[in-house]
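# Architecture and fold: a report
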Amino acid sequence: MADSIRSFGTRRVLLAGFLVLVALSLAACSGQSKGATYHFQWDITWKSVFTPNGAIINGLWLTIGISIVAQILGVFLGVLAALARMSRIWPFRVISNIYIWFFRGTPLIVQLTFLFYGLLISNVFAWPNIAIGPFTIAQEVFAGTLILGVNEGAYMAEIVRAGILAVDPGQTEAAKSLGMPYRQTMTRIVLPQAARVIIPPLGNEFNNMIKNTSLLYALSVFELYTTFDSYAVTSLIYFEYMIACCVWYLLLTTIWGIVQGRIERRFARGTTTSAGGPGWRQRFFSSRRRDRAEEITVLGGH
Amino acid sequence: MTVPKISTNLLGAIGGVPRPETDVVVDARDVNKWFGKLHVLKDVCIQVKRQETVVIIGPSGSGKTTFIRCVNHLEKIQGGRIFVNGHLIGYREAGDKKKLVEDREKNIARQRQEIGMVFQRFNLFPHMTALENIIEAPIHVRGMAHDEAMGIGRALLERVGLAAKEDVYPNQLSGGQQQRVAIARALAMKPALMLFDEPTSALDPEMIGEVLEVMKELAREGMTMIVVSHEMGFAREVANRVVMMDDGIIVEEGAPEQMFSAPTQERTKTFLSKIL
């Protein structure tokens, strides 16, 4: 224990030192770049973070909305694809395998441009604008969300499959012996237990999803990144705008990190004698070695 | 460790002894099973009558566990027929030659509702409390009202000596307590038949007694049971019949007194001499 605390302290000092170094070199650069000196307009960063205009707020909500909808779609498709992949019926297995193979094997940005512009311009599929009450979801937002979700499904499929395989086969037998049909066995017994294994990587996936929405830039969806980029490209003030953009993404991913910690602890119910897994504070501040030791006690506690 | 108080009216909790539809509850005829090339069950015939307790003994690898897993179709069979309550289990006969075709999953699930099973490793659902484990199937399989299921669940827990543990998750229970919850879970479905697959083999010695006590009580109250076990004391006390299996064959069967004191087969004698 004393050892890990010491290493924790050392780490902190190193990190602080590194940050000071970065700050110093940045300051140095600002003073003596080769040609003309660059004048940093920090007020632009400041304003974009603390008093964002309507476009940035709009982009923020779009990023949040698209991430959530696409991730939900991804989880849903992932569960279906995982079950299909483990099905006794071979056409299900083949379809699932082709789906996973294609969407994991090609770059997301290619999928986005191919499935949106490709289908649209060749008249194969006219992506519609979706009207929900007074709101309209533009075709590129609709297409982008769908494609992100379908792409995500391919990754979730592997995660869900691993989760299902991690559940003791005795659980399935117990459920069957009580007369539960396949669907009930899955939804009430196997998947809730698989969730415990699925949720940590799922959190990771959602974190990626928040960032991947920026690729909708290719479809001119004015989410967070496209909005900032449009300012940067017209004013050529990249540095200041992109720092603000980073701050917004960090805010989103940090909030998600906290939420994820809570969810994980809830799902640890019935698996450990303690309150559950490490919270976000521990996750964020503790050293790797300590985390490892904790994992081992959790596993051993069964 | 004191053996907990086991109620003398266990089946009262589920409204008395579930009554099987037929006199012969289990009728296994010429059951054959292969694992790949390994012939694990060879023409096994076993009949279990209403309210009978049959204990199957034999060395490991003799096929006794495989056999009771076939009785609720957790294992497929390649030959023969198994009837429970007069219904052919897991299969239907197709065509003039009466070839065995695996039944629809829904029908198999329905047949399993009448057959309770207790596993060596308990297999309680770890994400549910003791009481939730018990009421899960009555509510979601039988469609029982929540309050009624809770009533039955609580009554069962009380009678297996675990009234105080209803809100506890399985990982906080001892092995013996978990197995008693598992028995209660199976009983809550009011099964016509109970299967026990080495229910005490994974338990610490001091916990075996409490589980056997529940099983003995069930047998005395007239539950129809097949028990795979090495607990000879249990067999002697409550079994109506003991069946000795070895290498996929039924070597001999008989009343426990006769089997333990005067076995007719050499194989039974050597096996019993090793474990008694």
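Computed from a predicted model, the values in this text were never measured in an experiment. Counting from 1, residues in each chain are numbered in the order their sequence is written. Following the order in which they are written, the chains are lettered starting with A and the ligands numbered starting with 1. Confidence filtering applies because this is a predicted model: local features only for residues at pLDDT of at least 70, side-chain atom pairs given and counted only at 80 or more, and all residues used for totals across whole chains, interfaces and linings. Computation of side-chain values covers all heavy atoms of the structure but excludes hydrogens and water.

### Concerning the sheet that holds strand β9 (residues 193-197) of chain B
All names here are of chain B.
- One open sheet holds the six strands; their spatial order is β8-β9-β10-β3-β11-β12, and the pairing between them is mixed. Every interior strand has two partners, whereas the edge strands, β8 (115-118) and β12 (249-254), have only one. On average, adjacent strands in this sheet sit at an angle of 20 degrees to one another, irrespective of strand direction.
- By definition, two strands form a pair when at least two bridges between them are found by DSSP. The helix and strand labels rest on DSSP assignments: H or I over at least four residues marks a helix, E over at least two residues marks a strand, and numbering proceeds from the N terminus. Summarising the sheet, strand β3 (residues 53-57) and strand β10 (residues 225-228) pair through four bridges and their orientation is parallel. Bridging from a neighbouring strand, T53 pairs with M225 of β10.
- It only takes one pair of heavy atoms within 4.5 Å for two residues to be counted as in contact. Axis lines are fitted to C-alpha atoms, over the contacting stretch for helices. Their N-to-C directions set the angle, which ranges from 0 to 180 degrees. Across the face of the sheet, helix α6 (residues 205-221) comes into contact with β3, β9 and β10 while running at roughly 150 degrees to β10.

### A closer look at the packing of helix α3 (residues 54-85) of chain A against helix α10 (residues 238-267) of chain A
Residue and element names in this part refer to chain A.
- In the contact formed by α3 and α10, the axes pass within 12 Å of each other and the chain directions differ by 35 degrees. The two elements α3 and α10 cross, and the hand of that crossing is right-handed. Two secondary-structure elements touch here, α3 through I56, L60, T63 and I64 and α10 through W248, Y249 and L252.
- When residues are grouped by polarity, Ala, Val, Leu, Ile, Met, Phe, Trp, Tyr, Cys and Pro land in nonpolar, Asp, Glu, Lys and Arg in charged, and all others, Gly among them, in polar. Here the contact of α3 with α10 is built from residues that sort into six nonpolar, one polar and no charged. Definitions for this section: a left-handed crossing has its near helix turned counterclockwise from the far helix by less than a right angle. A right-handed crossing has that turn clockwise.

### Details of the confidence of the model for chain A
All names here are of chain A.
- pLDDT gives the predictor's per-residue confidence on a scale running from 0 to 100. Taken as a whole, chain A shows an average pLDDT of 86; of its residues, 80% reach a score of 70 or greater.
- In this model, residues 1-7 is a region of pLDDT below 50 whose contacts with residues beyond four sequence positions or in other chains number five contacts.
- Here residues 290-302 scores under 50 on pLDDT; set against residues more than four positions off or in separate chains, the count is nine contacts.

### What about the confidence of the model for chain B?
- Looking at chain B, the pLDDT average stands at 93 and 99% of residues meet or exceed 70.
- The ipTM, which scores confidence in the relative placement of chains, is 0.93 for this predicted complex, and the corresponding pTM is 0.79.

### Here we look at the environment of L272 of chain B
All names here are of chain B.
- Among the structural elements, L272 can be located in helix α9 (residues 266-275).
- Overall, the relative accessible area of 4% leaves L272 in the buried class.
- Sequence separation between L272 and S261 is 11 residues, and the spatial gap between their C-alpha atoms is 9.8 Å.
- Not counting residues up to four positions away in its chain, the partners in contact with L272 are I57, M232, M259, F260 and P263. Any residue under 20% of the maximum accessible area for its type is buried, any over 50% is exposed, and the rest in between are partly exposed; the area is computed with a 1.4 Å probe on protein chains only.

### Things to note about the interface of chain B and chain A
- The interface is formed by 28 residues belonging to chain B together with 24 residues belonging to chain A.
- A quick way to say it: buried area is the sum, across both parts, of accessible area lost when two parts are put together, with a 1.4 Å probe. For the pair chain B and chain A, the summed buried surface comes to about 2200 Å²; carbon and sulfur atoms form 53% of the total.
- Sorting the residues of chain B by area buried against chain A places F125, H127 and N171 of chain B first, and these three jointly supply 24% of that buried surface.
- One speaks of a salt bridge when a side-chain nitrogen belonging to Lys or Arg is within 4 Å of a carboxyl oxygen belonging to Asp or Glu. At the boundary of chain B and chain A, one finds two salt bridges.

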